[in-house]
Amino acid sequence: MKTTNLFKAKNHRFTRILATASVALLSITMVACGDDDDNGNITPTPTPEQKGTVTLNYTHVWGNAGSASPELQLNTQLIHPGTKDTITVTKFKYYVSNLRFEKDGGEEWVEPESYRIVDVTDNALVALEIGNVPAGNYSSMSFIVGVDEERNYSGAQDGALSPTNGMFWDWNTGYIFLKVEGESPQHGGFQYHVGGFEGANNAIRTVSVSFSNGLTVGDNTTSNVNMYVNTARVWHGGLKVEDLGTFMMPDPRAVNIADNFQNAFLFDGVN
Amino acid sequence: MPCGTACFNVWPLMAVIMLNLVLHIRHILLGLPLVTLFMSCAKDTPIPPKFLVALPQAPAHFPPKHYDNPQNTLSLEGIELGRKLFYDKSLSQTGEISCASCHKQKAAFSDPGKAFSNGIYGRKGQRHSPALFNLAWQPRFHWDGGINHIEIQPIAPLQDSSEMGMPLINVVRVVGSDQKYKEAFKKVFDTDTVTDKWILYALAQFTTSMISADAKYDRVIQNKAVFTDSEKRGQQLFKLQCAGCHKPPLFSDFSFRNNGLPIKNEEYGRFIITQDEADKGKFKVPSLRNIQLSPPYMHDGRFESIDEVLDHYIAAQNHHPKADAGLPQNLKLTPNERADLKNFLETLTDESFISNPLFSDPNK
């Protein structure tokens, strides 16, 4: 019942049908909730909505060649494929928020309370489990890297949005969307804390993924969406470690990296 | 439910309530209808009618509050829990500093006489500890406005290494491992787990309840008192010269302005947050309520007296091109006018606020 309303149909007729169906379903539910069942009658129960799970598999690599690129290894000297800088990444952490799955007809499922942190550790693969996805055939999905503007204004929050996750600025309110830290022998340590949700320094970026052969979500099944994330993309466009320095607040450099990282996601396939 | 260990807050609260009944009878009368409403929802623990007390109420001449979180419903137990946290030194790294260490009730919750307050290990902060009241009306916090919501404001002083120096996660551990706190959180928020969100909610219940609206100024508006002739003349001067920024009835418009102060120690105020050149030297306009109780003045506490502040606004060199156009123009004050203005400012002092036991140290 609950998730039915989360469908945002672009088609008004569909909305009306959905609304009518919801009311009908609600009436049935209300009957079903009646406590007197002394007569042994079988109480009508609504057909439960079919839902499945989608696992988003983000494999973090160093380079733009997908499976042909080496996996990102933290605390290891890497040579940037573009700039040839020597870079050791010690931390790579970012928000994936506001997941949407779109069907062919434009009908969308928007995940409620959709906030997760991807924290790359020794394992380059980070899997995010998305539950309660209505069964059906989807053609694309999107998410934002970061936290939407509204939640940057919403006071105390918990779960992935708790400030205890180390992805929040306490002196200049806002979430850190992407945290990349490390060092380079030429430059020394660096910390890129990318965030900002206002004006020219808005670093919220949407990533869209098209499923070339569609994504089928069945009832009580788990489907996988596999992606490669090119972490070297942070320094795309000739950005040298020494050009970037360190920044810990909304900043044009953060915008630059947000633009770069938006294009770091390479769709691999579904299964 | 019998009041055993599960309600550690209630008896001190009752004492406070009784005292408060005596001290604030007019507020309570105003709030009675609301209490009745509030009570009617309580299911399991009816409080005997003799203990009825109102949640702190804003007077009719105040605008609507800025803070409104329907998920954080104000309750007396919630305010009391927030008060416990506000006065709790164990929330600092050394166990020696609480919020109240730098926000003392007798000084309208500022730090009297200190330009910069002492945090853990005697470290000094970089800005003057502001007075705290009527926070539910403030859209942004800190002198530079870096904080956009009252609920998350406490994270900054809790974590700042020159204030309480305690990572938020450790605050959660300390509070969450205390049985009395756990019971209180269960009672107020019906939660078995104490998380940072609930701690911040409780603190916001307390801080947004700190309403200062019972100064002589308010009583004059409510036709319960009259200004002296000098106060009246002072009010006229104030309207003409000061009220543009220090807008009644809150006595601030909460904007950020450059009031002409020479910049010291590369302290650029609002610019630090926005990185906008135009914001260099701008700071939040503070409320002038309780101003006599909360010297020194300005973001860095550079002025010790109201006279020094007035001298600053009179001095021509402080009206430089970067200074706000709304500053008093060609301000000259005769000794009588100065006395009138100061007399008016004195009518903004709220004695009942600084003696209200609802806001006082629960450990005393």
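Residues numbered from 1 in each chain as written. Chains lettered and ligands numbered in written order. Predicted model: local features only at pLDDT ≥ 70, side-chain atom pairs only at ≥ 80, totals over all residues.

J.: I tried to follow the overall build of chain B on my own but got confused; where do I start?
T.: For chain B, the count of helices and strands is 14 helices and two strands. Buried residues in chain B amount to 41% of all 364 residues. Intrachain contacts of chain B at a sequence separation of at least 6 include 70% that bridge at least 24 residues. (Helix = DSSP H or I, 4+ residues; strand = E, 2+ residues; numbered from the N terminus. Buried ≥ 20, exposed ≤ 12 C-beta atoms within 10 Å, placed from the backbone. Contact = placed C-beta atoms within 7 Å.)

J.: Just checking my understanding: could you explain the sheet that holds strand S14 (residues 265-270) of chain A for this structure?
T.: What holds strands together in a sheet is hydrogen bonding between their backbones, with the strands either parallel or antiparallel. All names here are of chain A. Pairing in this open sheet of four strands is mixed, and the strands run S7-S2-S13-S14 from one edge to the other. Looking along the sheet, the strands with just one partner apiece sit at the ends: strand S7 (125-134) and S14. Sheet twist, expressed as the average angle between the axes of neighbouring strands with direction ignored, equals 25°. Looking at chain direction, strand S2 (residues 51-61) and strand S13 (residues 222-230) are connected through nine bridges and run parallel. In the sheet register, Thr 59 faces S13, and the bridge partner there is Tyr 228. (Pairing = 2+ DSSP bridges. Axes fitted to C-alpha atoms, helices over the stretch in contact; angles between N-to-C directions.)

J.: What exactly am I supposed to notice about the packing of helix H10 (residues 229-241) of chain B against helix H13 (residues 335-346) of chain B here?
T.: Between two packed helices, both the angle of their axes relative to each other and the distance between the axes serve to describe the pair. Residue and element names in this part refer to chain B. Closest axis-to-axis distance for the H10/H13 pair is 7 Å, and the angle between their directions is 90°. Classed by the angle they form, the pair H10 and H13 counts as roughly perpendicular. Contact residues: Ser 230, Glu 231, Arg 233, Gly 234, Gln 235, Leu 237 and Phe 238 in H10; Glu 337, Ala 339, Asp 340, Leu 341, Asn 343 and Phe 344 in H13. Its residues placed into classes, the contact of H10 with H13 shows five nonpolar, four polar and four charged. (Parallel < 35°, antiparallel > 145°, perpendicular 65-115°, else oblique. Nonpolar A, V, L, I, M, F, W, Y, C, P; charged D, E, K, R; others polar.)

J.: Hey, could you run me through the pairing of strand S10 (residues 174-184) of chain A in this one?
T.: All names here are of chain A. Across the 11 residues of S10, nine count as buried, placing the element largely inside the fold. Two elements, strand S4 (residues 86-103) and S10, share six bridges in a ladder whose sense is antiparallel. Bridge pairing in S10 places Thr 88 opposite Glu 183. As judged from the two bridges shared by strand S9 (residues 168-169) and S10, these two strands associate in the antiparallel manner. Bridge pairing in S10 links Phe 168 to Tyr 175. Two successive antiparallel strands, S9 and S10, enclose a turn made up of four residues. As paired strands, S10 and strand S11 (residues 188-195) are joined by eight bridges and run antiparallel to one another. Residue pairing in the sheet places Ile 176 in a bridge with Gly 195 of S11. Counted along the chain from S10 to the antiparallel partner S11, the turn is three residues long.

J.: Is there a simple way to explain the confidence of the model for chain A in this structure?
T.: Detail in the predicted coordinates should be disregarded across regions flagged by low pLDDT. When pLDDT is averaged across chain A, the result is 87; 83% of the residues are at 70 or more. This model gives residues 1-37 of chain A a pLDDT under 50, and the stretch forms 33 contacts once residues within four places in sequence are excluded. (pLDDT = per-residue confidence, 0-100.)

J.: Even after reading the chapter, I still don't get the domain arrangement of chain B, so can you show me in this structure?
T.: The parts lose accessible area when they come together, and the size of an interface is often stated as this lost area. Residues and elements named next belong to chain B. Assigned domains within chain B: domain 1 (61-212) and domain 2 (216-348). Between the C-alpha centres of domain 1 and domain 2 there is a distance of 26 Å. Listed by partner, the interface residues are 24 residues for domain 1 and 24 residues for domain 2. Of the residues in the side of domain 1 that touches domain 2, the class split is 11 nonpolar, nine polar and four charged. (Domains from an automatic or database assignment.)

J.: For this particular structure, what's the right way to read the interface of chain B and chain A?
T.: Each partner contributes to the interface: chain B provides 19 residues, whereas chain A provides 12 residues. Elements with a minimum of two residues in the side of chain B that touches chain A: helix H5 (155-159), helix H6 (168-176) and helix H8 (196-209) of chain B. Among the elements that make up the side of chain B that touches chain A, the one with the highest residue count is H8(B) (four residues). Taken together, the residues that form the side of chain B that touches chain A break down as 10 nonpolar, six polar and three charged.

J.: For this particular structure, what's the right way to read helix H7 (residues 179-189) of chain B?
T.: All names here are of chain B. Within H7 the residues assigned to the buried category are Tyr 181, Ala 184, Phe 185, Lys 187, Val 188 and Phe 189. Projected onto a plane normal to the axis of H7, the buried residues spread over an arc of 165° and lie on a single side. Where H7 is buried, its residues touch helix H3 (76-86), H6 and H8. (Arc of directions from axis to C-beta.)

J.: Explanation requested: the confidence of the model for chain B in the structure shown.
T.: Residues and elements named next belong to chain B. With 85% of its residues at a pLDDT of 70 or more, chain B has an overall mean of 89. When the criterion is pLDDT under 50, residues 1-17 qualifies, and its contacts beyond four places in sequence or with other chains add up to 20 contacts. Contacts for the low-pLDDT stretch residues 19-52, under 50 throughout, to residues beyond four places or in other chains number 26 contacts. Interface predicted TM-score (ipTM) for the complex: 0.84; the corresponding pTM is 0.84.

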